[in-house]
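Residue-level structure breakdown
Letter by letter, the chains look like this.
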There are 2 protein chains.
Amino acid sequence: MNNFVYNIPTKVYFGENQLSHLGEELSKFGTRVLMTYGGGSIKKNGLYDRIMEEMKKAGLEVFELSGIEPNPRIDSVRKGAQICKEHNIDVLLAVGGGSTIDATKIMAAAACVEHDAWDFMNEKKAPINKALPIVTILTLSATGSEMDTAAVISNPETDDKIGRLDPNLLPKVSFLDPSLTYSVSQYQTACGSVDIMSHIMEVYFNMNKDLFMLDAFMEGMLKTVVKFAPVAMETPDNYEARANLMWTSSWAINGFINGGRAKAWSCHPMEHQLSAYYDITHGLGLAILTPRWMEYCLDETNVSKYVQFAVNVFGVDANQDDMAIAKEGIQRLYDFFFKTLGLKSTLSELGIGREHFEDMAEKACGGAVLKGFKPLTKEDIVKIYEMCL
Amino acid sequence: MNNFVYNIPTKVYFGENQLSHLGEELSKFGTRVLMTYGGGSIKKNGLYDRIMEEMKKAGLEVFELSGIEPNPRIDSVRKGAQICKEHNIDVLLAVGGGSTIDATKIMAAAACVEHDAWDFMNEKKAPINKALPIVTILTLSATGSEMDTAAVISNPETDDKIGRLDPNLLPKVSFLDPSLTYSVSQYQTACGSVDIMSHIMEVYFNMNKDLFMLDAFMEGMLKTVVKFAPVAMETPDNYEARANLMWTSSWAINGFINGGRAKAWSCHPMEHQLSAYYDITHGLGLAILTPRWMEYCLDETNVSKYVQFAVNVFGVDANQDDMAIAKEGIQRLYDFFFKTLGLKSTLSELGIGREHFEDMAEKACGGAVLKGFKPLTKEDIVKIYEMCL
């Protein structure tokens, strides 16, 4: 069992009407705020006005950057960093889902250096020594960016989609109001829920001995998503369902569940290539990939983990042969993603063919081996993509 | 479902040989350290020398206060606060279990004021506006004091044992090395495990609607203790068992599981009177009280929570009448505490009779009603004490 360091100091205001604390929290970092957001839905639903009112009350000077895209692009990051520099911004306020928050994280770092923001996506090239403080208001339960150190940025010029981790990127304060996700569509709720489950499963499927108590927590969170994602899709304003999905999204990826486990992931690197090449929704790509990846990796050496998953998450009958239990667990996951959540189940349905599989696989494994639950070569990855057709 | 604020910035080094980071962490707060500990077992097992070596390497000036008792007394706190003032201490290093850490917390606050340390045990009398920074090295998995805002102090002159909560008391950094608990006796391992379970059950048994994901986490932690406490008793140097108990002890009480639940507890206030009057081990008192309290409180309005507990923690067959499931769950808890862990099951066995029950009950309910899972009057509490004879 490996050692680890636990250090997640993000302060979270959870629940409705907590924005009354926004002004006091932002003011701890200064007076000049850059507020970032996406397509403007926050102007339609009143959230924008509510936030502005709180910041005005606190006497803050507010600058804005809107239009941050899903799968956020490096150009938006560059724009934000430029505004920070020009206007001596003290603190960034990201309002949105993972895309807005991720872009804001790299802006916050890029505001403190002279080099290009894209350099940060290569860890060896550019260390992140500091970043402006980040506060978030979450409007989509999915990526967990509100409480983690990660940012994923796309570069359409090079078909790259790259993630970066650094403690300096951790938000100082996050506002999690489940009612702000009432307007999230059935489709986006489904995709976000898959993303949450994938974050847990990337850690859970690991044959290194680690803490049972963390496995039990992961199983509890997976059961939470299985229970409440359909409720939230059926009844978008069910507070209990939205609240459970929201807090689970944060804890799926903030680092707590890792314990001392090696952190190499499998499905996310493979999916990032899909959304880099085809700009599909991240959660949808994960839904299509994950059960195939599970099927591909299953063998006698790792079947015990599948059994644990099948029995403890989906309640599969434990009185069967291990392989049968494992396969039933995979089938239950298929059924959950493609029947219960109603997601498209193949790449073909999305109009994606095999034409870029070689290049995508090459990038996914970094030209060598994708070290995750089971080490995957380029050839392995191509086969998994093919299973998704 | 109530709103809540999550804010637990304690940094934790988990695992063996993490003390190499002790000097760097202490140095962040200054150069003058007061190290506090208990009866001196750390001198026998080499931990004392190891700590001193690290502090010496970091060039720290070290003062010491040893002899902090189980159920720590206000006089020890006063002594520590005095040393802090006399020597301009920058940071306190508590080495031990909950007793040493609790006493150190109040020392850290008392070092910053002129009034007597005992005043802090009355929230209305003395606010805690600041405290010196606290670092801990944990040697017993039980109270969770290493990652929470609470301190419980005894005053033998008045037979009082009182808890105080304040964010300023939260340790900045805690070192959790499971191997440091190898030397904990079977009896203390059992009592610590009961304490951990009680911290969870005080929150879990609550009829207010809250997050399912937190209930699932609590059930996972309870299962963790049920699984590993006997292993640690049987094989004291089983790292996996000690590690699971240790990390569970922190998460049982650091506040995460509360979510938006009202925090009124039941068994702890009743037990604090037992250990205040008779100086018995806290976990033993909890073991004797908890199943009786469950029996006393069970009724048609709350049986659903007992059913959830029985089925999800102890795997009781769900295909029975609810009351039968609930009672089987209580019986399983009895069996776990008094057969598996081998603890004494009655107050009579400890030589405790009914002579102080009225006074103890009066104090436990603060002269009014003990507002926990089910509101308990003084008369109710006397009856529960009597069930324990």
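The model shown is predicted, which means the values in this text are computed figures rather than measured ones. (Residues numbered from 1 in each chain as written. Chains lettered and ligands numbered in written order. Predicted model: local features only at pLDDT ≥ 70, side-chain atom pairs only at ≥ 80, totals over all residues.)

A closer look at the domain arrangement of chain A
All names here are of chain A. Cut-off, in case you're wondering: Here the bounds of each domain stem from an automatic or database domain assignment. Here contacts are defined at the residue level, using C-beta atoms placed from the backbone and a cut-off of 7 Å between them. In DSSP terms, a helix is any run of H or I states spanning at least four residues, a strand is any run of E spanning at least two, and both are numbered starting from the N terminus. As a working rule, the residues Ala, Val, Leu, Ile, Met, Phe, Trp, Tyr, Cys and Pro are called nonpolar, Asp, Glu, Lys and Arg charged, and the rest polar, with Gly in that last group.
In terms of domains, chain A is made up of domain 1 (11-180) and domain 2 (186-387). Domain 1 and domain 2 are separated by 27 Å when their C-alpha centres are compared. In this assembly, 18 residues from domain 1 lie in contact with 23 residues from domain 2. Those elements giving two or more residues to the side of domain 1 that touches domain 2 turn out to be strand 7 (150-155) and strand 8 (160-165). Its residues assigned to classes, the side of domain 1 that touches domain 2 shows seven nonpolar, six polar and five charged.

Notes on the relation of the copies chain A and chain B
Keep this limit in mind: Least-squares fitting of one copy onto the other uses the C-alpha atoms of those residues that reach a pLDDT of at least 70 in both copies.
After a rotation of 180 degrees and a shift along the axis of 0.0 Å, chain A superposes on chain B with an RMSD of 0.0 Å. Taken together, the rotation and translation relating the two chain copies correspond to the operation of a two-fold axis. Looking at the rotation axis and the C-alpha trace of chain A, the residue lying nearest is A:Pro9, at 2.0 Å. Taken as a fraction of all interface residues of chain A, those also at the interface in chain B reach 100%, which identifies the copy contact as same-surface.

Some thoughts on the pairing of strand 3 (residues 32-36) of chain A
Residue and element names in this part refer to chain A. Basically, it comes down to this: Whether a residue is buried, exposed or partly exposed is read from the other C-beta atoms within 10 Å of its own C-beta, which are placed from the backbone; 20 or more gives buried, 12 or fewer gives exposed, and intermediate counts give partly exposed. Here, strands pair whenever DSSP counts at least two bridges between them.
Most of strand 3 sits out of view: four of its five residues are buried. As judged from the five bridges shared by strand 3 and strand 4 (residues 61-65), these two strands associate in the parallel manner. By the bridge assignment for strand 4, Met-35 is matched with Glu-64. By the bridge criterion, four bridges tie strand 3 to strand 5 (residues 91-96) in an arrangement that is parallel. Each bridged residue has a counterpart across the sheet, and for Leu-34 the counterpart in strand 5 is Leu-92.

Overview of the interface of chain A and chain B
Taken together, the contact pairs 32 residues of chain A with 32 residues of chain B. For the side of chain A that touches chain B, the secondary structure elements donating two or more residues are strand 1 (4-6), strand 2 (11-14), helix 7 (212-234) and helix 8 (239-251) of chain A. Top contributing element to the side of chain A that touches chain B by residue count: helix 7 of chain A, with ten residues. Taken together, the residues of the side of chain A that touches chain B break down into 17 nonpolar, nine polar and six charged. Relative to strand 1 (residues 4-6) of chain B, strand 2 of chain A runs antiparallel, the two sharing three bridges.

Points about unusual backbone geometry
Of note, the phi angle at A:Asp279 is positive, near 55 degrees, even though the residue is not glycine. Along the chain, the position of A:Asp279 falls in the loop between helix 9 (267-278) and helix 10 (282-297). The phi dihedral of B:Asn88 is positive, around 50 degrees, even though this residue is not glycine. For B:Asn88, the position within the fold is in the loop between helix 4 (74-87) and strand 5 (91-96). Given 11 C-beta atoms within 10 Å, B:Asn88 falls into the exposed group.

Topic: the pairing of strand 6 (residues 134-138) of chain A
All names here are of chain A. Which entries qualify depends on this criterion: If the strands point away from the viewer and the path from the first strand over the helix to the second runs clockwise, then the crossover is right-handed.
Across the five residues that make up strand 6, a large majority, five, are buried. Residues Ile-134, Thr-136 and Leu-138 of strand 6 are buried on one face, and the alternating residues Val-135 and Ile-137, pointing to the opposite face, are buried as well. With helix 5 (residues 98-110) bridging strand 5 and the parallel strand 6, this β-α-β connection has right-handed handedness.

Some thoughts on helix 13 (residues 357-364) of chain A
Residue and element names in this part refer to chain A. Just so we agree on the cut-off: This arc is taken over the directions from the axis of the helix to the C-beta atoms.
Within the span of helix 13, buried status applies to Phe-357, Met-360, Ala-361, Lys-363 and Ala-364. Along the long axis of helix 13, the arc covered by the buried residues comes to 165 degrees, so they all point the same way. The inward-facing, buried residues of helix 13 abut helix 9 and helix 14 (378-387). Backbone geometry just after helix 13 places Gly-366 at a positive phi near 60 degrees.

Some thoughts on the sheet that holds strand 1 of chain A
Applied cut-off: Every axis corresponds to a line fitted to the C-alpha atoms, with the helix fit spanning only the stretch in contact, and the corresponding angles, defined between N-to-C directions, vary from 0 to 180 degrees.
Read across the sheet, seven strands follow the order 1(A)-2(B)-9(B)-6(B)-5(B)-3(B)-4(B) without closing on themselves; strand pairing throughout is mixed. The two strands at the open ends of the sheet, each matched to only one other strand, are strand 1 of chain A together with strand 4 (61-65) of chain B. Neighbour-to-neighbour, the strand axes of this sheet turn through a mean angle of 20 degrees, independent of strand direction.

Digging into the packing of helix 13 of chain A against helix 14 of chain A
Helices that pack against each other are described as a pair by the angle of their axes relative to one another and the distance between those axes. Residue and element names in this part refer to chain A. We count it as follows: Should an angle fall under 35 degrees it is called roughly parallel, over 145 degrees roughly antiparallel, and 65 to 115 degrees roughly perpendicular, with every other angle called oblique. A crossing counts as left-handed when the near helix is turned anticlockwise from the far one by less than a right angle, and as right-handed when that turn is clockwise.
Close contact between helix 13 and helix 14 brings their axes to 8 Å; oriented N to C, the two are set at 125 degrees. Taken together, the axes of helix 13 and helix 14 lie oblique to each other. By crossing handedness, the relation of helix 13 to helix 14 is classed as right-handed. From helix 13, Phe-357, Glu-358, Met-360, Ala-361, Glu-362 and Ala-364 reach across to helix 14, where they touch Lys-378, Ile-381, Val-382, Tyr-385 and Glu-386. Considering only residue class, the contact of helix 13 with helix 14 consists of seven nonpolar, no polar and four charged.

Some points on the sheet that holds strand 1 of chain B
Strand order across the open sheet formed by seven strands is 4(A)-3(A)-5(A)-6(A)-9(A)-2(A)-1(B), with mixed pairing between neighbours. A single partner strand is all that each edge strand has here, and the edge strands are strand 4 of chain A together with strand 1 of chain B. Neighbour-to-neighbour, the strand axes of the sheet open up by a mean angle of 20 degrees, direction not taken into account. Seen against the sheet, helix 5 of chain A touches strand 3, strand 5 and strand 6 of chain A and runs at an angle of roughly 165 degrees to strand 5 of chain A.

What to know about the nonpolar core
To keep it simple, the criterion reads: Any nonpolar core is a set of buried residues, restricted to Ala, Val, Leu, Ile, Met, Phe, Trp, Tyr and Cys, that join up through C-beta atoms within 7 Å.
Residues A:Ile200 and B:Ile200 are the most contacted members of the largest nonpolar core, which totals 275 residues. Beyond its immediate stretch of four places on either side in the chain, B:Ile200 contacts B:Met218, B:Met221, B:Leu222, B:Ala252 and B:Ile257.

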